[in-house]
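Examination of the molecular architecture
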Amino acid sequence: VTSLKHIDVEKTKTFKIMSKNVAIPGLSMIYLFLFRVSVSLLMLQHGWPKLMKFTNSEAIKFADPIGIGSNASLILAVFAEVVCSVLIIIGFKTRLATIPLIITMLVVIFIVKLNDPIFEKESAILFLFSYGTIYVFGPGKYAADNKWK
């Protein structure tokens, strides 16, 4: 049996597994791919109903947390939660696409739900840290950004 402890692969990250440093080729890139896709698919669940508000014949009712009007606020939220999420899923302009989502989550946490208890804003906090992580580490190897370099 070959020990994983002695694998030597160029550009391989070393992970601490059960108190041993083990090199696992590509694991970090697969993780970044799965993380970025799963977080953005979850965000689409928030953005899709907002997008559907444009298809209703009823008057649009949406919060105006930053004073630009409810229609403009809805457009910005849809852009961030739908368009930017799709860009992140495919890995195109990933770091740039995280910025509107980070801003949206900051607005939710510090303006929309400022006086709410922490459990009311925990999903926004988790999304904020998730998109911050994606911004810092980038899309990983399995992204459209890497196809056009």
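Scroll up to find the structure.
A few points on the structure.

How each quantity is defined
- Residues numbered from 1 in each chain as written.
- Predicted model: local features only at pLDDT ≥ 70, side-chain atom pairs only at ≥ 80, totals over all residues.
- Heavy atoms only, no water.
- Core = buried A, V, L, I, M, F, W, Y, C linked by side-chain atoms within 4.5 Å.
- Buried < 20%, exposed > 50% of the residue type's maximum accessible area, 1.4 Å probe, protein only.
- Helix = DSSP H or I, 4+ residues; strand = E, 2+ residues; numbered from the N terminus.
- Contact = heavy atoms within 4.5 Å.
- 1 Å grid on protein atoms, 1.4 Å probe; cavity = no way out; pocket = protein on both sides within 12 Å on 5 of 7 lines; lining within 4 Å.
- Points joined across faces, edges and corners; volume = space filled by probe spheres on them.

A word on the nonpolar core
With 17 residues, the main nonpolar core has Met43, Ile88, Leu101, Met105, Phe127 and Tyr131 as its most contacted residues. For this core, the elements supplying multiple residues, two or more each, are helix H1 (27–52), helix H2 (70–90), helix H3 (94–112) and helix H4 (122–137). Looking at this core element by element, the count peaks at six residues for H3. The residues contacting Phe127, other than those within four sequence positions of it, are Val39, Leu42, Met43, His46 and Met105. Membership of the second largest hydrophobic core comes to six residues, among which are Leu74, Val78, Val82 and Ile89.

Observations regarding the layout of surface pockets
In this structure, the largest pocket spans a volume of roughly 550 Å³. Ala77, Glu81, Thr104, Val107 and Val108 are, among the 25 residues lining the largest pocket, the residues nearest its centre. Within the residue set of the lining of the largest pocket, elements represented by two or more residues are H1, H2, H3 and H4. By residue number, the principal contributor to the lining of the largest pocket is H3, which donates seven residues.

Interpretation note: all reported values are geometric properties and have no functional meaning in isolation.
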